[in-house]
Amino acid sequence: MCPRTRRASPRLGVAGRVAAVIVVAGLVFAACANTEAAEPQSLDALVSTLDGDPVELADFVGGPLVVNFFAENCPPCVAEMPTFEAISKEVAPDITFLGVSEDATAEAARRIVAATGITYPILWDRDGTALISFQALGMPTTLFVDSEGLILELHTGALSADDLRARLAEHF
């Protein structure tokens, strides 16, 4: 049997721990910071209708477009959908709204659309590849797309009516 040995453990005081956290945070920030201007991404993604027919998101480009990714099991998504519906009616026909369901089934998408009163077109990203292709970090995710099909902004998280109106004014 080997004798137990005690490892020396460095003892960092509070100041040492704070300094370590600051250094690590700085390294993470530096690694994540993009010093070059990002090229605008185009709205290239294949989704389907709720009936399962394939459709390209780019087919909806022709003017300013707001694309909102949502799911039935996402409370912030459900909460913002009536706001999106109301504002879509205010700005139509100048700005088009489009919803893309990330639900596992088309039936789930139909339920949330019925429950929230959405009347703008709804598509289905049955396997999540469209959402992933835009490098979205979660849901809800909203894309603001110009008339050429370039994504001006990708916003992850719920948007209030004021936030949504401000983004529409900024981009369109």
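So, how was this worked out
- Residues numbered from 1 in each chain as written.
- Predicted model: local features only at pLDDT ≥ 70, side-chain atom pairs only at ≥ 80, totals over all residues.
- Heavy atoms only, no water.
- Disulfide = S-S within 2.5 Å.
- Buried < 20%, exposed > 50% of the residue type's maximum accessible area, 1.4 Å probe, protein only.
- Helix = DSSP H or I, 4+ residues; strand = E, 2+ residues; numbered from the N terminus.
- Lys, Arg positive; Asp, Glu negative; His and termini not counted.
- Salt bridge = Lys/Arg side-chain N within 4 Å of Asp/Glu carboxyl O.
- Expected span 1.5 Å × (residues − 1).
- Bend = angle between axes of the 7 residues up to and from the residue.
- Contact = heavy atoms within 4.5 Å.
- Pairing = 2+ DSSP bridges.
- Phe/Tyr/Trp six-rings, centres within 6.5 Å; stacked < 30°, edge-to-face > 60°.

Taken as a whole and assessed by the stated rule, the structure comprises one disulfide. Paired through a disulfide, Cys 74 and Cys 77 show a sulfur-sulfur distance of 2.3 Å. With the S-S dihedral at roughly 75°, the linkage between Cys 74 and Cys 77 falls on the right-handed side. Given the relative accessible area of 8%, Cys 74 is considered buried. Among the residues examined, Cys 77 registers a relative accessible area of 0% and is labelled buried.

Our next topic: the side chain of Asp 125. The topology assignment puts Asp 125 in the loop between strand S5 (122-124) and helix H4 (129-133). Here Asp 125 sits buried without a salt bridge, and the closest side chain of opposite charge, Arg 126, lies 7.9 Å off (N-O distance).

Bringing helix H2 (residues 75-91) into the picture now. With 17 residues, H2 ought to run about 24 Å at 1.5 Å a step, and its terminal C-alpha atoms sit 25 Å apart, in line with that. Of all the bends found along H2, the most pronounced is centred on Met 81 and spans about 30°, while Pro 82, a proline, follows it within four residues. Restricting attention to buried positions, one finds in H2 the residues Cys 77, Glu 80, Met 81, Phe 84, Glu 85, Ile 87, Ser 88 and Val 91. Buried residues in H2 make contact with strand S3 (65-70), strand S4 (96-101), helix H3 (106-116), strand S6 (141-145) and helix H5 (161-171).

Before going further, it helps to spend a moment on the pairing of S6. Most of S6 sits inside the fold, with five of its five residues counted as buried. Neither face of S6 is left uncovered, since the one carrying Thr 141, Leu 143 and Val 145 and the one carrying Thr 142 and Phe 144 both have all their residues buried. Pairing of S3 with S6, which is carried by five bridges, proceeds in the antiparallel orientation. The partner of Val 67 across the bridge, within S6, is Leu 143. Bridge analysis of S6 against strand S7 (residues 151-156) gives five bridges, and the strand direction is antiparallel. Its bridge partner lying in S7, Thr 141 is registered against Thr 156. Turn length for the S6-S7 hairpin, with the two strands adjacent in sequence and antiparallel, is five residues, and the turn residue Gly 149 shows positive phi of about 90°.

For the bond from Ala 92 to Pro 93, the omega torsion is 0°, close enough to zero to count as cis. With respect to the helices and strands, the residue Pro 93 is situated in the loop between H2 and S4. Omega for the peptide link from Met 139 to Pro 140 comes to 0°, which places this bond in the cis form. Relative to the elements of secondary structure, Pro 140 occurs in the loop between H4 and S6. Despite not being glycine, Gln 135 shows a phi value in the positive range, around 60°. One can find Gln 135 in the loop between H4 and S6. Taking the relative accessible area as the measure of exposure, Gln 135 reaches 64% and is therefore exposed.

On to the packing of aromatic side chains, then. Per the counting criterion, the structure on display carries three aromatic pairs. On the basis of an interplanar angle of 85° and a centroid distance of 6.0 Å, the ring pair of Phe 84 and Phe 97 is categorised as edge-to-face. You can see Phe 84 sitting in helix H2 and its partner Phe 97 sitting in strand S4, a full 13 residues away along the chain. Relative accessible area serves as the criterion here: at 0%, Phe 84 is assigned to the buried category. Residue class for Phe 97 comes out buried when judged on its relative accessible area of 3%. With centroids separated by 5.8 Å and ring planes inclined at 45°, the aromatic side chains of Phe 97 and Tyr 120 adopt a geometry described as tilted. Placement of Phe 97 in strand S4 and of Tyr 120 in the loop between H3 and S5 is noted, with a sequence separation of 23 residues between them. Comparing Phe 97 with Tyr 120, the two get one shared label, buried.

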